[in-house]
Amino acid sequence: MNIVLIGAGPRNLVLAERLVAFANASTQAHTITLLDPFPVGGVVWNPDQNPKFIANTISQQLTLFTDNSIPKQQPGLTGPNLYEWVHHQAATYLDTHTFKNEAAFRDEIAVLNPNHFSSRAIFGLYASWYFDQLQQNTDANTQLVFKQSKATQVRAITDGHYEINLADGQQLTADDVIYTPGYTATKPTDEEHSFQVAADKNANWQYIAPMQPSAAPLDTIRPADDVLIRGLGLSFFDYMADFTLGRGGKFERLPDNQLVYHPSGREPHIIAGSRTGTIPHAKAYNQKPHAENYDAIFFTRTNIERHMVNGHISYADFYQLFQNEMTYKYYFNLMSDMAANWPFNRADFLSSLRRSDDLSATANAYGIPANLQINWSRILNPLAEIPTDYQAFMQQYLENDIIDARKGNDLAPLAGAFELLKDLRGQLRQYLEADALTVDEYEIFLKEFNPINRLLNVGPPLLRMEQLHTLLAAGIITVAAPKFKVTITTDGYQATDEQGHTWTATQLIEARLPATTVKHTADPLLSELAAKGIVSSVALKRSDDSIFEIDAVHTNRKTQQVIDANGRQQQHLYVWGLPTEKWHWFTTFAPRPNVGDRNLRDAEIIAETIFNA
């Protein structure tokens with residue numbers, strides 16, 4: 001049996017281990033091949049990338065090994081999480097292997113702790129070592145191969161087999177194909193196309209389209225010149241790091257715990273903004289063991305079922321239960337500050353909150369001062385009212401976020417509440433995939449909940465927020481007010497915001513990753529599969545019989561097998577991860593140990609499906 005995994009990122013790496021375990025238990029010959037144009041680890045975790053780019057998950061919560069929290073048909077290879085490996089084995093591995101970033105790796109190995117956000121490159125180093133371990137644990141009938149080449153075509157041939165063409169001219173035949181590419185290129189919008197045309201026509205203009213920052217040609221951005229950056233999410237923080245730390249700038253931490261920045265003189269002046277103008281909240285310092293999960297009080301199966309009508313809950317009720325959970329955690333942490341005095345019994349207050357249908361009213365009744373009551377309207381709409389001095393406002397906004405995040409992801413009132421979006425993600429996903437929401441309500445969920453999740457729980461590490469705060473003070477970065485818009489003038493790209501500020505620059509960067517899309521993909525493999533109807537987007541029927549279309553690959557939500565344009569399941573073709581985003585909710589996460597991780601569970605199910613067919 002030949003099994004081909006397209007993409008060598010974390011998902012297919014954990015799947016490779018499961019496939020090897022099943023193949024080793026078989027008496028037949030098996031060849032398992034991973035394909036990727038980047039080294040093992042893929043583009044996001046490429047060990048050769050800029051080591052200034054850091055992961056958005058702490059080192060003890062990153063793994064590639066399955067564990068006992070995942071039910072398994074076959075035992076397999078077990079091993080350390082990223083932090084454990086770095087601490088015990090990474091230096092020895094470097095002694096016998098050559099990597100571009102060796103000096104940076106050895107420096108990081110010396111100081112990495114379990115609560116640090118490691119470089120993405122060192123996770124790629126871990127992935128390389130992990131793949132070596134898999135190859136050493138195959139038996140005589142099992143071959144595990146990595147080919148550093150891009151798959152350009154997957155074509156169905158006779159008897160359910162597939163033929164795969166590679167960019168280097170090779171051709172493979174597979175019994176089963178698992179397509180797990182991460183972010184793929186998309187066709188430019190009309191606006192993006194016009195920006196690129198302008199750059200092509202003007203010798204000193206530069207335009208960087210949406211892409212992985214690690215793959216962007218950042219050396220071409222000129223020092224001292226203005227550069228416009230559209231986007232204030234995670235990609236923005238990568239660009240910020242490259243243009244400062246990556247160009248020789250230094251941050252110094254003072255005795256009062258504040259940062260100051262010492263520029264190298266090679267930095268550009270960054271003008272950054274977005275449509276909403278919001279910057280996602282920082283990830284707080286970790287205070288939790290890696291396997292700790294939160295026991296819900298409000299967002300429980302019992303409460304969800306209590307709100308159901310004909311087997312479904314409205315999005316409004318669904319979200320209110322989740323918001324109640326975060327609100328309770330906020331007040332629990334507020335009460336946990338033993339230096340504060342309250343004119344009531346704390347236990348009575350918390351007990352009243354647990355029984356309450358209106359937690360804000362309960363907090364008000366107990367006399368919680370207005371400035372200490374959680375204000376969801378202000379949290380979710382922080383820029384509803386902004387002063388004229390926007391830079392000073394943004395400085396204070398970031399400072400408040402930093403002060404809260406420094407208290408930790410378990411004890412901080414706000415950061416601790418926002419952390420529940422991660423701790424309860426598994427339960428939330430289970431309810432969604434059990435169709436607790438109707439199609440109409442799921443559409444509302446995607447529109448309203450996803451921005452909340454991005455704002456509260458998909459922000460940068462605290463360190464990056466501290467650095468941004470410092471760079472604003474140093475004048476290296478200017479953050480625009482909302483409604484950041486870019487047009488083309490004869491002098492360059494011109495940006496404006498809702499406060500009437502105007503900036504003109506000949507350098508423009510889109511600080512966002514390519515959209516996940518079937519209809520507008522520029523990936524030749526996915527384009528051809530879609531054109532032939534082998535893969536299709538998701539079409540769901542609303543209550544009024546109209547169609548809600550999700551521009552994502554339609555798969556069996558349990559097995560990841562493709563469902564074609566005629567509604568037929570393709571038994572030997574799987575699409576997993578980002579191309580299915582919004583059909584599978586929140587796919588942008590790496591495997592986490594000892595918590596029943598979804599990636600590890602999906603890998604087991606795919607392997608079982610292939611070998612039990």
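Scroll up to find the structure this text is about.
Predicted model only: the values in this text are computed from it and were never measured. (Residues numbered from 1 in each chain as written. Predicted model: local features only at pLDDT ≥ 70, side-chain atom pairs only at ≥ 80, totals over all residues. Heavy atoms only, no water.)

Some thoughts on the overall build of the protein
In step 1: When helices and strands are tallied, the protein shows 20 helices and 21 strands.
In step 2: For 613 residues, the compact-globule estimate of 2.2 N^0.38 gives 25 Å, and the protein sits close to it at 25 Å.
In step 3: Summarising its shape, the C-alpha atoms of the protein cover approximately 70 × 65 × 55 Å along the three principal directions.
In step 4: Put simply, 72% of the contacts in the protein that link residues at least 6 apart link residues at least 24 apart.
In step 5: Here the protein holds 50 positive side-chain charges and 68 negative ones, and the gap between their average locations is 1 Å. (Helix = DSSP H or I, 4+ residues; strand = E, 2+ residues; numbered from the N terminus. Rg over C-alpha atoms; globule rule 2.2 N^0.38 Å. Contact = heavy atoms within 4.5 Å. Lys, Arg positive; Asp, Glu negative; His and termini not counted. Charge placed at Lys NZ, Arg CZ, Asp CG, Glu CD.)

As for the sheet that holds strand E6 (residues 171-174)
In step 1: Spatially, the three strands line up as an open sheet ordered E4-E5-E6, and their pairing is antiparallel. Only two strands of the sheet have a single partner each, and these edge strands are strand E4 (151-156) and E6. Across the sheet, the axes of successive neighbouring strands diverge by a mean angle of 20°, strand direction being ignored.
In step 2: Summarising the sheet, strand E5 (residues 162-166) and E6 pair through four bridges and their orientation is antiparallel. Residue pairing for E6: Ile 164 is matched across the bridge by Leu 172. (Pairing = 2+ DSSP bridges. Axes fitted to C-alpha atoms, helices over the stretch in contact; angles between N-to-C directions.)

Overview of the sheet that holds strand E14 (residues 485-489)
In step 1: Sheet architecture is open: three strands sit in the order E14-E15-E16, paired in antiparallel fashion. Each edge of the open sheet is held by one strand with a lone partner, namely E14 and strand E16 (502-505). Adjacent strand axes in the sheet meet at a mean angle of 25°, parallel and antiparallel pairs treated alike.
In step 2: Where strand E15 (residues 492-496) lies against E16, four bridges are found, and the strand directions are antiparallel. Paired with Thr 496 across the strands is Thr 502, a residue of E16.
In step 3: Packed onto the sheet, helix H6 (residues 190-201) meets E14 and E15 and runs at close to 40° relative to E14.

Re the packing of helix H9 (residues 315-335) against helix H10 (residues 346-355)
In step 1: Axis separation between H9 and H10 bottoms out at 11 Å; the angle between their running directions is 180°. Comparing their axes, H10 and H9 come out roughly antiparallel. Counting all contacts with H9, which are made through Tyr 328, Tyr 331, Phe 332 and Met 335, the residues of H10 involved are Arg 346, Phe 349, Leu 350, Leu 353 and Arg 354.
In step 2: Here the contact of H9 with H10 is built from residues that sort into seven nonpolar, no polar and two charged. (Parallel < 35°, antiparallel > 145°, perpendicular 65-115°, else oblique. Nonpolar A, V, L, I, M, F, W, Y, C, P; charged D, E, K, R; others polar.)

Some points on helix H20 (residues 598-611)
Residues that lie three or four places apart on an α-helix share one face, since the helix turns once every 3.6 residues.
In step 1: Across its 14 residues, H20 extends 20 Å between first and last C-alpha, which sits within 8% of the 20 Å expected from 1.5 Å per residue.
In step 2: Counting buried positions along H20 yields 12 of 14 residues, so the element is predominantly enclosed.
In step 3: Those residues of H20 that fall on the buried side of the exposure criterion are Arg 598, Asn 599, Leu 600, Asp 602, Ala 603, Glu 604, Ile 605, Ile 606, Ala 607, Glu 608, Ile 610 and Phe 611.
In step 4: Residues of H20 that are buried sit in contact with strand E1 (2-6), helix H1 (10-24), strand E2 (30-35), strand E7 (176-179), helix H16 (425-433) and strand E21 (569-575).
In step 5: Capping of H20 at its N-terminal end is provided by Asp 597; its side-chain oxygen lies 2.8 Å from the backbone amide nitrogen of Asn 599. (Expected span 1.5 Å × (residues − 1). Buried < 20%, exposed > 50% of the residue type's maximum accessible area, 1.4 Å probe, protein only. Polar contact = N/O pair within 3.5 Å; in protein donor to acceptor, adjacent residues only side chain to side chain.)

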